[in-house]
Amino acid sequence: MSAAETAAASATGTAWFAAGVRHELLMRVLPAIRHDMAGPLSVVRMGNTVLRRYLGAEPFDAAQSLKRLGQTEEQLQLTVAGIRALSRWDTEAADGQKAPADVAQAMEMARPMLDLYGMQLSESASAPAGWPEVVPGRVLYAVLGALAYLQDGATVPMAIRAVVQEGVLRFDRTPTGAAFDLSMRPPTRHLQVDAAALHALFANLRWPVEVAADVVVLGVPSV
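Here we summarise the structure given alongside this text. (Residues numbered from 1 in each chain as written. Predicted model: local features only at pLDDT ≥ 70, side-chain atom pairs only at ≥ 80, totals over all residues. Heavy atoms only, no water.)

A few words on the overall build of the chain. What the chain contains, in helices and strands, is five helices and five strands. Out of the 223 residues in the chain, the part that is buried amounts to 36%. Pairs at least 24 apart in sequence give 72% of the contacts found in the chain among residues at least 6 apart. Accessible area for the chain stands at about 12,500 Å²; split by element, carbon and sulfur atoms hold 60% of it. (Helix = DSSP H or I, 4+ residues; strand = E, 2+ residues; numbered from the N terminus. Buried < 20%, exposed > 50% of the residue type's maximum accessible area, 1.4 Å probe, protein only. Contact = heavy atoms within 4.5 Å. Areas by Shrake-Rupley, 256 points an atom, 1.4 Å probe, with all protein chains shown as cover.)

The full count for this structure, using the stated rule, is three aromatic pairs. Arranged with centres 5.3 Å apart and planes meeting at 70°, the rings of Trp89 and Tyr141 form a pair that is edge-to-face. One end of the pair, Trp89, is in the loop between helix H2 (62–84) and helix H3 (103–115); the other, Tyr141, is in helix H4 (residues 136–152), with 52 residues separating them in the sequence. Of the residues examined, Trp89 reaches a relative accessible area of 9% and is grouped as buried. Ring geometry for Trp131 against Trp207: centres 5.3 Å apart, planes inclined by 80°, an arrangement best described as edge-to-face. Of the two residues, Trp131 sits in the loop between strand E1 (119–121) and H4 while Trp207 sits in the loop between helix H5 (195–205) and strand E4 (209–211), which places them 76 residues apart along the sequence. Residue class for Trp207 comes out buried when judged on its relative accessible area of 3%. (Phe/Tyr/Trp six-rings, centres within 6.5 Å; stacked < 30°, edge-to-face > 60°.)

Turning our attention to the sheet that holds E1. Here we have five strands laid out as an open sheet, ordered E1-E2-E3-E5-E4, and mixed in their pairing. The two strands at the open ends of the sheet, each matched to only one other strand, are E1 and E4. Recorded for the sheet is a direction-independent mean angle of 15° between the axes of neighbouring strands. Taken together, the eight bridges between strand E2 (residues 158–165) and strand E3 (residues 168–175) define a ladder with antiparallel strand orientation. Considered in E3, the bridge of Val163 is made with Arg170. Sitting on the sheet, H3 touches E1, E2 and E3, and the angle it makes with E1 is about 160°. (Pairing = 2+ DSSP bridges. Axes fitted to C-alpha atoms, helices over the stretch in contact; angles between N-to-C directions.)

The geometry of H3 relative to H4 is characterised by a closest axis approach of 9 Å and an angle of 35° between their N-to-C directions. Of the two elements, H3 crosses H4, and the hand of that crossing is right-handed. Between H3 and H4, the contacting residues are Val103, Ala106, Met107, Met109, Ala110, Met113 and Leu114 on the first element and Val139, Leu140, Val143, Leu144, Leu147, Ala148 and Gln151 on the second. Residue classes in the contact of H3 with H4 are distributed as 13 nonpolar, one polar and no charged. (Left-handed = near helix turned anticlockwise from the far one by under 90°. Nonpolar A, V, L, I, M, F, W, Y, C, P; charged D, E, K, R; others polar.)

This part takes up the pairing of strand E5 (residues 215–218). Residue alternation in E5 divides its side chains into two sets, Val215 and Val217 and Val216 and Leu218, and both sets are buried. Examined bridge by bridge, E3 and E5 share four bridges and lie antiparallel to one another. Within E5, the position partnered with Phe171 by the bridge is Val216. Bridging between E4 and E5 involves three bridges; their strand directions are antiparallel. Bridge pairing links Glu210 to Val217 in E5. Hairpin remark: E4 followed by E5, antiparallel, with three residues in the connecting loop.

Spelled out as C-alpha coordinates, the structure:
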(Lines give C-alpha, C1' and ligand atoms only; values in the text may rest on other atoms or scores of the structure.)
Protein backbone atom coordinates (compact mmCIF):
# COMPACT_ATOMS: atom_id res chain seq x y z
CA MET A 1 0.00 0.00 0.00
CA SER A 2 1.36 3.39 -1.00
CA ALA A 3 1.76 6.31 1.38
CA ALA A 4 -1.26 8.02 -0.20
CA GLU A 5 -3.38 4.89 0.19
CA THR A 6 -2.26 4.50 3.79
CA ALA A 7 -3.17 8.11 4.55
CA ALA A 8 -6.57 7.68 2.88
CA ALA A 9 -7.25 4.50 4.85
CA SER A 10 -6.28 6.26 8.09
CA ALA A 11 -8.60 9.18 7.32
CA THR A 12 -11.45 6.80 6.54
CA GLY A 13 -10.86 4.91 9.78
CA THR A 14 -10.92 8.15 11.77
CA ALA A 15 -14.17 9.20 10.06
CA TRP A 16 -15.79 5.88 10.97
CA PHE A 17 -14.55 6.24 14.54
CA ALA A 18 -16.18 9.68 14.75
CA ALA A 19 -19.39 8.30 13.23
CA GLY A 20 -19.45 5.67 15.97
CA VAL A 21 -19.09 8.35 18.64
CA ARG A 22 -21.95 10.35 17.09
CA HIS A 23 -24.14 7.24 17.09
CA GLU A 24 -23.43 6.63 20.77
CA LEU A 25 -24.34 10.22 21.63
CA LEU A 26 -27.56 10.02 19.64
CA MET A 27 -28.56 6.80 21.43
CA ARG A 28 -28.07 8.50 24.80
CA VAL A 29 -30.51 11.31 24.04
CA LEU A 30 -32.91 9.23 21.95
CA PRO A 31 -35.31 8.64 24.89
CA ALA A 32 -35.72 12.41 25.29
CA ILE A 33 -36.24 12.88 21.54
CA ARG A 34 -38.76 10.02 21.44
CA HIS A 35 -40.63 11.46 24.42
CA ASP A 36 -40.90 14.89 22.81
CA MET A 37 -42.21 13.41 19.56
CA ALA A 38 -44.68 10.99 21.17
CA GLY A 39 -46.13 13.57 23.57
CA PRO A 40 -48.34 15.36 21.00
CA LEU A 41 -49.62 12.01 19.67
CA SER A 42 -50.80 11.05 23.15
CA VAL A 43 -52.72 14.33 23.34
CA VAL A 44 -54.26 13.61 19.90
CA ARG A 45 -55.48 10.19 21.04
CA MET A 46 -57.16 11.67 24.10
CA GLY A 47 -58.57 14.49 22.00
CA ASN A 48 -60.12 12.04 19.53
CA THR A 49 -61.85 10.25 22.38
CA VAL A 50 -63.41 13.54 23.48
CA LEU A 51 -64.30 14.42 19.88
CA ARG A 52 -66.21 11.14 19.43
CA ARG A 53 -68.27 12.00 22.48
CA TYR A 54 -69.02 15.46 21.08
CA LEU A 55 -70.05 14.02 17.69
CA GLY A 56 -72.47 11.59 19.31
CA ALA A 57 -74.01 14.10 21.72
CA GLU A 58 -77.59 15.30 21.46
CA PRO A 59 -77.89 18.10 20.69
CA PHE A 60 -74.77 18.27 18.52
CA ASP A 61 -72.44 21.12 19.48
CA ALA A 62 -70.57 22.17 16.32
CA ALA A 63 -68.54 24.88 18.08
CA GLN A 64 -67.12 22.47 20.68
CA SER A 65 -66.32 19.89 18.01
CA LEU A 66 -64.50 22.42 15.82
CA LYS A 67 -62.54 23.67 18.83
CA ARG A 68 -61.40 20.13 19.66
CA LEU A 69 -60.54 19.51 16.01
CA GLY A 70 -58.38 22.64 16.01
CA GLN A 71 -56.53 21.46 19.11
CA THR A 72 -55.84 18.12 17.42
CA GLU A 73 -54.47 19.93 14.37
CA GLU A 74 -52.09 21.91 16.60
CA GLN A 75 -50.72 18.71 18.13
CA LEU A 76 -50.26 17.12 14.71
CA GLN A 77 -48.30 20.17 13.60
CA LEU A 78 -46.03 19.72 16.62
CA THR A 79 -45.48 16.10 15.64
CA VAL A 80 -44.60 17.07 12.06
CA ALA A 81 -42.20 19.72 13.37
CA GLY A 82 -40.53 17.10 15.56
CA ILE A 83 -40.06 14.75 12.62
CA ARG A 84 -38.62 17.51 10.46
CA ALA A 85 -36.28 18.50 13.31
CA LEU A 86 -34.52 15.15 12.96
CA SER A 87 -32.64 16.76 10.07
CA ARG A 88 -30.73 18.78 12.70
CA TRP A 89 -28.62 15.69 13.35
CA ASP A 90 -27.10 15.73 9.85
CA THR A 91 -23.62 17.19 10.29
CA GLU A 92 -23.17 17.51 6.53
CA ALA A 93 -26.42 19.41 5.88
CA ALA A 94 -26.02 22.26 3.43
CA ASP A 95 -29.41 23.17 1.94
CA GLY A 96 -30.67 25.95 4.16
CA GLN A 97 -29.88 24.03 7.34
CA LYS A 98 -27.40 26.45 8.81
CA ALA A 99 -28.57 28.23 11.94
CA PRO A 100 -27.03 30.05 14.90
CA ALA A 101 -25.30 27.67 17.28
CA ASP A 102 -27.98 26.57 19.75
CA VAL A 103 -25.92 25.45 22.71
CA ALA A 104 -28.77 25.89 25.19
CA GLN A 105 -30.96 23.46 23.27
CA ALA A 106 -28.27 20.78 23.32
CA MET A 107 -27.73 21.24 27.05
CA GLU A 108 -31.44 20.89 27.80
CA MET A 109 -31.55 17.75 25.68
CA ALA A 110 -28.70 16.28 27.75
CA ARG A 111 -30.28 16.88 31.16
CA PRO A 112 -32.21 13.57 31.36
CA MET A 113 -29.15 11.44 30.59
CA LEU A 114 -27.07 13.36 33.13
CA ASP A 115 -29.71 13.17 35.85
CA LEU A 116 -29.66 9.38 35.67
CA TYR A 117 -26.01 9.41 36.75
CA GLY A 118 -26.24 12.03 39.48
CA MET A 119 -24.80 14.80 37.31
CA GLN A 120 -26.12 18.32 37.93
CA LEU A 121 -26.03 20.69 34.98
CA SER A 122 -25.85 24.44 35.47
CA GLU A 123 -28.17 26.88 33.79
CA SER A 124 -28.05 26.55 30.02
CA ALA A 125 -25.50 28.72 28.26
CA SER A 126 -25.72 30.33 24.85
CA ALA A 127 -23.14 30.34 22.11
CA PRO A 128 -20.30 32.86 22.50
CA ALA A 129 -20.92 36.08 20.59
CA GLY A 130 -18.02 35.55 18.19
CA TRP A 131 -19.10 32.15 16.91
CA PRO A 132 -20.14 31.90 13.26
CA GLU A 133 -23.33 30.24 12.07
CA VAL A 134 -22.77 26.50 11.77
CA VAL A 135 -24.82 23.44 10.89
CA PRO A 136 -27.03 22.60 13.92
CA GLY A 137 -25.89 18.97 13.96
CA ARG A 138 -22.32 20.00 14.63
CA VAL A 139 -23.45 22.02 17.65
CA LEU A 140 -25.55 19.18 19.03
CA TYR A 141 -22.76 16.61 18.78
CA ALA A 142 -20.08 18.98 20.07
CA VAL A 143 -21.99 19.94 23.22
CA LEU A 144 -23.31 16.43 23.85
CA GLY A 145 -19.84 15.00 23.34
CA ALA A 146 -18.34 17.34 25.93
CA LEU A 147 -21.07 16.55 28.46
CA ALA A 148 -20.88 12.79 27.86
CA TYR A 149 -17.11 12.88 28.37
CA LEU A 150 -17.52 14.64 31.72
CA GLN A 151 -20.28 12.21 32.69
CA ASP A 152 -18.36 9.05 31.80
CA GLY A 153 -15.25 10.08 33.70
CA ALA A 154 -17.10 10.76 36.96
CA THR A 155 -17.20 8.27 39.84
CA VAL A 156 -19.17 10.46 42.28
CA PRO A 157 -22.03 12.95 41.84
CA MET A 158 -20.75 16.00 40.00
CA ALA A 159 -21.90 19.48 39.06
CA ILE A 160 -21.18 20.49 35.46
CA ARG A 161 -20.89 24.20 34.79
CA ALA A 162 -20.92 25.97 31.43
CA VAL A 163 -19.02 29.24 31.18
CA VAL A 164 -18.72 31.54 28.16
CA GLN A 165 -15.52 33.55 28.13
CA GLU A 166 -13.34 35.20 25.50
CA GLY A 167 -14.93 33.46 22.54
CA VAL A 168 -14.82 29.91 23.97
CA LEU A 169 -17.30 27.71 25.77
CA ARG A 170 -15.87 25.97 28.82
CA PHE A 171 -17.47 22.98 30.56
CA ASP A 172 -16.02 21.91 33.90
CA ARG A 173 -17.10 19.55 36.65
CA THR A 174 -16.68 19.54 40.42
CA PRO A 175 -17.89 17.06 43.07
CA THR A 176 -21.13 18.08 44.74
CA GLY A 177 -20.54 16.05 47.90
CA ALA A 178 -24.11 14.78 47.62
CA ALA A 179 -25.06 11.21 48.46
CA PHE A 180 -26.18 9.08 45.53
CA ASP A 181 -27.94 5.73 45.67
CA LEU A 182 -25.77 3.61 43.39
CA SER A 183 -28.41 0.88 43.30
CA MET A 184 -30.67 3.29 41.41
CA ARG A 185 -27.98 4.19 38.88
CA PRO A 186 -28.37 2.58 35.43
CA PRO A 187 -25.63 0.18 34.30
CA THR A 188 -22.58 1.92 32.85
CA ARG A 189 -22.79 2.01 29.08
CA HIS A 190 -20.40 -0.30 27.28
CA LEU A 191 -19.08 2.44 25.02
CA GLN A 192 -17.45 5.26 26.97
CA VAL A 193 -16.70 8.70 25.57
CA ASP A 194 -13.05 9.09 26.56
CA ALA A 195 -10.47 11.64 25.45
CA ALA A 196 -9.57 9.70 22.31
CA ALA A 197 -13.23 9.47 21.26
CA LEU A 198 -13.77 13.16 21.97
CA HIS A 199 -10.73 14.24 19.94
CA ALA A 200 -11.85 12.08 16.99
CA LEU A 201 -15.34 13.56 17.18
CA PHE A 202 -14.16 17.16 17.21
CA ALA A 203 -11.63 16.58 14.44
CA ASN A 204 -14.45 15.25 12.28
CA LEU A 205 -16.64 18.23 13.24
CA ARG A 206 -13.77 20.60 12.32
CA TRP A 207 -13.99 22.14 15.78
CA PRO A 208 -11.00 23.01 18.02
CA VAL A 209 -11.21 21.51 21.50
CA GLU A 210 -9.08 21.29 24.63
CA VAL A 211 -9.62 18.27 26.87
CA ALA A 212 -8.46 17.75 30.44
CA ALA A 213 -9.59 15.46 33.26
CA ASP A 214 -12.40 17.71 34.47
CA VAL A 215 -12.58 20.34 31.73
CA VAL A 216 -13.58 20.56 28.08
CA VAL A 217 -13.12 23.84 26.21
CA LEU A 218 -14.81 24.38 22.85
CA GLY A 219 -13.03 26.89 20.66
CA VAL A 220 -14.45 28.82 17.70
CA PRO A 221 -15.91 26.32 15.18
CA SER A 222 -14.83 26.50 11.57
CA VAL A 223 -17.50 27.28 8.99
